[in-house]
Amino acid sequence: MERQAVSTARAVRAGVRKLPKGELFTSQRFLEHGSRSAVDRTLSRLAGRGEIQRVARGVFVRPRTSRFVGAVVPDVLEVVEAIARSRGETVQVHGAEAARRFKLSTQVPTAPVFHTSASSRTIRIANITVRMVHTSNRRRLQFAGEAAGTALSALWYLGKNNVSPKTVATIEAALGPAEFQRLRSADMPAWMTKALAVGGERLDG
């Protein structure tokens, strides 16, 4: 058992040192080298020595530094997506944040929020509390991680009475023709299909 633990630790250390700085990873990446407990112990030791940084529970990164800001903190979305991949769940940017990204709303969420196919929960990423809100409506999770998916999330959030031709034109301009057509291919309610058809007619003409 001790020999196996030493072998696991050696393999994990070697694997970590081959990773590019700034690349997120989870303990799952190294389970081929040994048991989860052995892998977790090794990663914990590496974190304690500063060779890697724990950015969330079970998520690590090889520290990347900048001469201007020092340690570069991974983007919250990247960490959330890494967690989602390790758990086999689907996550989508929350509609309020999506609308803000398209400059359709000035409301800034007090804390990062994401829709998820898994259970609702809060997670800590560095010193930030992130809310994960379960949705059983799979249509809200279409094209997760893509620009079309973010636009779809924004439309769901704004709702039928707040989506105007100007709203659609803003989204269309931000996405570009190809991604806008991808958005139009989504499974969506009738009111959304009708609203996007106006933009589609401009593209087809």
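Look up a bit, the structure's there.
Residues numbered from 1 in each chain as written. Predicted model: local features only at pLDDT ≥ 70, side-chain atom pairs only at ≥ 80, totals over all residues. Heavy atoms only, no water.

### Section: the sheet that holds strand 2 (residues 53-56)
- The antiparallel open sheet is built from three strands, whose spatial order is 1-3-2. A strand with exactly one partner marks an edge of an open sheet, and here the two such strands are strand 1 (24-26) and strand 2. The mean angle between the axes of side-by-side strands here comes to 40 degrees, regardless of whether they run parallel or antiparallel.
- For strand 1 and strand 3 (residues 59-61), the ladder comprises three bridges, and the chain directions are antiparallel. Paired with Leu24 across the two strands is Val61, which belongs to strand 3.
- Helix-sheet contacts for helix 3 (residues 76-87) involve strand 1, strand 2 and strand 3, and the interaxial angle to strand 1 is about 30 degrees. (Pairing = 2+ DSSP bridges. Helix = DSSP H or I, 4+ residues; strand = E, 2+ residues; numbered from the N terminus. Axes fitted to C-alpha atoms, helices over the stretch in contact; angles between N-to-C directions. Contact = heavy atoms within 4.5 Å.)

### A few points about the pairing of strand 7 (residues 113-116)
- Alternating positions in strand 7 separate into two faces, Val113 and His115 on one and Phe114 and Thr116 on the other, with burial throughout.
- Pairing geometry for strand 7 and strand 9 (residues 128-134), over four bridges, is parallel. Each bridged residue has a counterpart across the sheet, and for Thr116 the counterpart in strand 9 is His134. (Buried < 20%, exposed > 50% of the residue type's maximum accessible area, 1.4 Å probe, protein only.)

### A look at the nonpolar core
- Judged by nonpolar contacts, the single largest core of 40 residues is most densely connected at Val59, Val79, Val80, Ile125, Val130 and Leu183.
- With seven residues, the single largest contributor to this core is helix 5 (residues 147-158).
- Discounting residues that sit within four places of it in the chain, Ile125 has contacts with Val55, Ala56, Val76, Val79, Val80 and Val130.
- Leu19, Leu43, Ile52 and Phe60 belong to the second largest nonpolar core, which has eleven residues in total. (Core = buried A, V, L, I, M, F, W, Y, C linked by side-chain atoms within 4.5 Å.)

### With respect to the sheet that holds strand 7
- Reading across the sheet, the four strands line up as 6-7-9-8 and stay open at both edges, with mixed pairing between neighbours. Strand pairing shows two members of the sheet lacking a second neighbour, strand 6 (91-93) and strand 8 (121-125), which therefore form its edges. In this sheet, adjacent strand axes meet at a mean angle of 35 degrees when their direction is disregarded.
- The sheet contact formed by strand 8 and strand 9 spans five bridges and is antiparallel. Looking at the pairing, Ile123 lines up with Val130 of strand 9.
- Strands in contact with helix 3 are strand 6, strand 7, strand 8 and strand 9; relative to strand 8, the strand with the most contacts, it is inclined by about 125 degrees.

### Here's the deal with the packing of aromatic side chains
- Tallied over the entire structure, the rule returns two aromatic pairs.
- Plain terms: the ring middles of Phe25 and Phe30 are 5.7 Å apart, the flat faces sit at 85 degrees to each other, and that makes the pair edge-to-face.
- Given the relative accessible area of 2%, Phe25 is considered buried.
- Given the relative accessible area of 5%, Phe30 is considered buried.
- Centroid distance Phe25 to Phe60: 5.9 Å. Interplanar angle 25 degrees. Geometry classified as stacked. Separated by 35 residues along the polypeptide, Phe25 in strand 1 and Phe60 in strand 3 bring together distant segments of the chain.
- Three or more aromatic residues joined by ring pairs form one cluster here, namely Phe25, Phe30 and Phe60. (Phe/Tyr/Trp six-rings, centres within 6.5 Å; stacked < 30°, edge-to-face > 60°.)

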